[in-house]
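# Summary of the model geometry
For reference, the chains in residue letters:
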Amino acid sequence: MIDVDELTRTLLPHDAERARLVGRVSVPGLGPSVVLVDGDEVVELTGRGLPTVAALLAQPDPVAACRPGPDATRWSLAEVVAATVAEDRERPRLLAPIDLQVVKACGVTFVESMLERVIEERAAGDPERAAELRERIGTAIGGSLRSIVPGSDQAQEVARMLKAEGMWSQYLEVGIGADPEVFTKAPVLSSVGCGVDIGVRPDSHWNNPEPELVLLVGPDGRIRGATLGNDVNLRDFEGRSALLLGEAKDNNASSALGPFVRLLDQDYGLDDLRSTQIDLRVTGSDGFVLEGSNSLEQISRDLLDLVGHVTAHHQYPDGFALFTGTLFAPIQDRERPGGGFTHHRDDVVRIHNDRLGTLVNRVRSTDEVAPWEFGISALMENLAVRGLLG
C-alpha cells in the first residue's frame with residue numbers, strides 16, 4: 001500500500017519554496033482545475049484565464065502568468081494527497097499535471113538501456129536466455145559505446161564492428177545512429193498522476209518501470225518545465241518484436257506523470273535538467289525491494305536535440321510532454337535465478353528527484369485500474385459549462 005504520510009512528506013522538491021510548481025486537481029462537482037503549489041496548499045489558477053496547463057505553458061512567460069487571484073480557492077495539499085490515495089471522489093484529488101499535450105517519448109537514449117534492448121530482442125521475450133546474452137554482448141563491445149556521439153564517424157565504425165560480429169540491431173541503429181527513436185506514448189488526457197494505480201497487462205510476464213525525466217514543451221518548441229514520469233513497459237512484448245511497441249507501451253494507466261510540473265525559471269534551468277538524478281525504489285508486498293537510478297548526465301543525446309527531432313517535421317499547437325528515456329534496466333532476479341525482474345500486483349513504485357519531488361504509484365492489472373473515461377470531448381464540455389472557453 002502507498003504510505004500517505006511518507007508521500008506527503010516527500011511529495012515536493014527540497015527547494016519547493018523557490019519552485020513554481022503547477023498541476024491539476026479534480027474538484028468534485030466542478031471538474032479538473034489547474035493549480036499552483038503555495039506552501040502546504042494548492043491554489044486554483046483556472047479562473048485566471050488559464051483553463052488548462054497547455055494554455056499556461058503557451059503563455060510568453062508562464063512563471064509570470066501563474067499568479068492566483070486574491071479570492072482563489074485553496075485546498076490543503078496533505079488532504080488532497082490523502083483523498084487521492086484513498087480514491088475518495090468526494091474530495092479534491094491529484095491528477096496528472098498535464099492535459100492537452102501530446103505524450104511523446106524517446107527511447108534508447110542511454111547506452112546501458114540500449115544494450116538491454118538488444119538483449120530483449122535476441123532473447124525474444126525469454127528472461128533466462130537474456131541472462132546468457134547479457135554476458136556475451138557485454139564482453140563483445142565492452143565499454144566502448146559509453147562515449148560515442150550518435151551519428152558520428154566513431155559511431156559508424158562501432159556499427160561496422162557489431163555487424164561483423166552478427167550483433168547489429170534496430171535498437172543499436174537508433175541508439176548510435178543519426179536519428180533517435182521517437183514514438184507516441186499515450187493518448188491526450190490518458191496519463192495518470194501521483195498516488196493512484198498504474199496498469200500492467202495481465203498477459204505480460206516480463207515487465208518493468210522506467211523512471212524518466214519528462215520535458216514539458218510549449219507550442220513554440222521551447223522547454224517550459226519538467227516533471228517525473230514512469231514509462232511502464234512490457235519487456236516480453238517489445239522483446240518479441242519492435243512492431244509490438246504500441247502494445248508494450250500504450251495501455252490503460254501505463255503513463256504516469258507527476259506530482260507537479262516545475263516551470264523553468266532563474267532557479268531551475270536547462271543545465272539543471274541535464275544534471276537530473278532520478279532514484280527508483282520498488283517495494284513488493286512479498287518483501288522484495290528493487291532500487292536503481294537514472295542519471296541524465298549519461299544520456300547520449302542532448303535534451304535540446306531530442307526536442308528538435310520531435311519538432312523538426314511536426315507542429316504541436318497544444319505543446320507536448322516528452323519522456324526522455326531511461327538508463328535504468330532492472331536485471332535483479334525476483335522469482336528465480338536468471339529470471340530477471342518483473343512486477344507483481346501491489347508493487348509500490350517510488351520515483352524521486354530532489355528538484356522535482358516524488359511520483360508514487362501502485363501496480364495493478366490494466367483490467368483492474370480505473371477505466372479512462374474523461375477525454376478531450378468531456379474536457380471541452382466541462383470547460384464550456386464553466387464558462388472557461390473563449
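The following paragraphs examine the structure supplied in this document. (Residues numbered from 1 in each chain as written. Predicted model: local features only at pLDDT ≥ 70, side-chain atom pairs only at ≥ 80, totals over all residues. Heavy atoms only, no water.)

## A word on the overall build of the protein
To keep it simple, the criterion reads: A run of DSSP states H or I qualifies as a helix once it reaches four residues; a run of E qualifies as a strand once it reaches two. Both are numbered from the N-terminal end. Only C-alpha atoms enter the radius of gyration, while the globule expectation follows 2.2 Å times N to the 0.38, with N the number of residues. Partly exposed residues are those whose accessible area sits between 20% and 50% of the maximum for their type, while under 20% is buried and over 50% is exposed, using a 1.4 Å probe and protein chains only. Any two residues having at least one pair of non-hydrogen atoms within 4.5 Å are treated as being in contact. Surface exposure here means Shrake-Rupley accessible area, sampled with a 1.4 Å probe, where a residue is shielded only by the protein chains that are shown. Under the counting rule used here, the positive set is Lys and Arg, the negative set is Asp and Glu, and His together with the chain ends is not counted. To locate a charge, the coordinates of NZ of Lys, CZ of Arg, CG of Asp or CD of Glu are taken.
Along the protein, the regular secondary structure elements total 13 helices and 18 strands. In summary, the protein has a C-alpha radius of gyration of 21 Å against a globular reference of 21 Å for 390 residues, a match within 12%. For the protein, the spread of C-alpha atoms along the three principal axes comes to 70 × 45 × 35 Å. Counting across all 390 residues of the protein, residues that qualify as buried make up 57%. In the protein, 73% of the contacts between residues at least 6 apart in sequence involve partners at least 24 apart. Accessible surface for the protein amounts to roughly 16000 Å². Of this, 48% is attributable to carbon and sulfur atoms. Across the protein, 38 positive and 60 negative side-chain charges occur, with their mean positions spaced 1 Å apart.

## A short note on the sheet that holds strand β14 (residues 277–283)
Keep this limit in mind: DSSP-based pairing: two strands are paired if at least 2 bridges between them are found. Only the stretch in contact is used when fitting a helix axis, every axis being a line fitted to C-alpha atoms; angles between N-to-C directions are given from 0 to 180 degrees.
Strand order in the open sheet made by the 5 strands is β8-β18-β17-β14-β15, with mixed pairing throughout. At either margin of the open sheet sits one strand with a lone partner, and together these are β8 (197–200) and β15 (289–295). Within this sheet the neighbouring strands show an average axis-to-axis angle of 25 degrees, counted without direction. Direction of pairing for β8 relative to strand β18 (residues 357–365): parallel, over a ladder of 4 bridges. Bridged to Val 200 within β18 is Ser 365.

## Examining the pattern of salt bridges
Formally: Any Lys or Arg side-chain nitrogen located within 4 Å of an Asp or Glu carboxyl oxygen qualifies as a salt bridge.
Taken as a whole and judged by the stated rule, the model has 27 salt bridges. Among the salt bridges present, the one from Asp 38 reaches Arg 74, with a minimum N-O distance of 2.8 Å. Here Arg 74 lies in strand β4 (residues 74–76) and Asp 38 lies in strand β2 (residues 31–38), a separation of 36 residues in the sequence. In this structure Asp 38 comes out as partly exposed when scored by relative accessible area, which is 36%. Exposure remark for Arg 74: the relative accessible area of 39% places this residue in the partly exposed category. When the shortest N-O distance is used, the salt bridge between Arg 362 and Asp 197 registers 2.8 Å. Here the residue Arg 362 occupies a position in strand β18, and Asp 197 occupies one in strand β8, the gap between them amounting to 165 residues. Each member of the pair, Arg 362 together with Asp 197, is buried. Through salt bridges with shared partners, a single ionic network connects Asp 15, Glu 17, Arg 18, Arg 262, Asp 272 and Arg 355.

## Concerning the pairing of strand β1 (residues 21–27)
For β1, a buried count of 7 out of 7 residues is recorded, marking the element as mostly surrounded by other parts of the structure. Of the two faces of β1, the one carrying Leu 21, Gly 23, Val 25 and Val 27 and the one carrying Val 22, Arg 24 and Ser 26 are both buried. Here β1 runs beside strand β13 (residues 255–263); their pairing, made up of 2 bridges, is antiparallel. In the strand pairing of β13, Val 22 is matched with Val 261. Relative to β2, β1 is paired through 6 bridges, and the arrangement is antiparallel. Considered in β2, the bridge of Ser 26 is made with Pro 32. Where β1 folds back onto β2 in an antiparallel hairpin, the turn is made up of 3 residues, including Gly 29, whose phi is positive at roughly 80 degrees.

## Describing helix α4 (residues 77–85)
Along α4, the residues classified as buried are Leu 77, Val 80, Val 81, Ala 83, Thr 84 and Val 85. Among the structural elements, α1 (4–10), β1, β3 (41–44), β4, β5 (93–95) and β13 are those in contact with the buried residues of α4. Positioned one or two residues after α4, Glu 87 has a phi angle of 55 degrees, which is positive.

## Quick word on the nonpolar core
Stated precisely, the cut-off is as follows: To qualify as a nonpolar core, a set must consist of buried Ala, Val, Leu, Ile, Met, Phe, Trp, Tyr and Cys residues joined through side-chain atoms within 4.5 Å.
If you look at the biggest cluster of nonpolar residues, it comprises 63 residues, and the most contacted ones within it are Val 42, Leu 213, Leu 215 and Phe 260. Listed in part, the 25 residues of the second largest apolar core include Val 53, Phe 183, Val 214 and Ala 321.

## With respect to the environment of Asn 294
Here is the rule we go by: As used in this structure description, the phrase polar contact means that two N or O atoms lie within 3.5 Å; if the pair is within protein, one of them must be able to donate a hydrogen and the other to accept it, and residues adjacent in sequence are counted only when both atoms belong to side chains.
Its location among the elements puts Asn 294 in strand β15. Once the C-alpha coordinates of Asn 294 and Leu 213 are considered, the two residues, 81 residues apart in sequence, prove to be 8.9 Å apart. Excluding its chain neighbours within four sequence positions, the residues that come into contact with Asn 294 are Phe 110, Pro 211, Glu 212, Thr 276, Gln 277, Ile 278, Gly 325, Thr 326, Leu 327 and Phe 328. Reaching out from Asn 294, the side chain makes a polar contact with the backbone oxygen of Gly 325 at a distance of 3.5 Å.

## A closer look at helix α12 (residues 303–311)
Going by this rule: Think of the arc as the fan of directions from the helix axis to the C-beta atoms.
Buried within α12 we find Leu 303, Leu 306, Val 307 and Val 310. Down the axis of α12, the smallest arc covering the buried residues is 95 degrees, so these residues share one side. Where α12 is buried, its residues meet β6 (102–107), β7 (181–186), β10 (211–217), β11 (223–231), α11 (270–274) and β16 (320–323). Where α12 begins, the capping side chain belongs to Asp 302, and its oxygen is found 3.1 Å from the backbone nitrogen of Leu 304.

## Topic: the side chain of Arg 224
Here Arg 224 is to be found in strand β11. Among the residues examined, Arg 224 registers a relative accessible area of 10% and is labelled buried. Excluding residues within four positions of it along the chain, Arg 224 makes contact with Leu 57, Gln 59, Pro 60, Pro 62, Leu 216, Val 217, Gly 218, Arg 262, Leu 263 and Leu 264.

## So, the environment of Ser 377
Considering the arrangement of structural elements, one finds Ser 377 in helix α13 (residues 376–385). The exposure class assigned to Ser 377 is exposed, which follows from its relative accessible area of 61%. Separated by 332 residues in sequence, Ser 377 and Leu 45 have C-alpha atoms that sit 21 Å apart.

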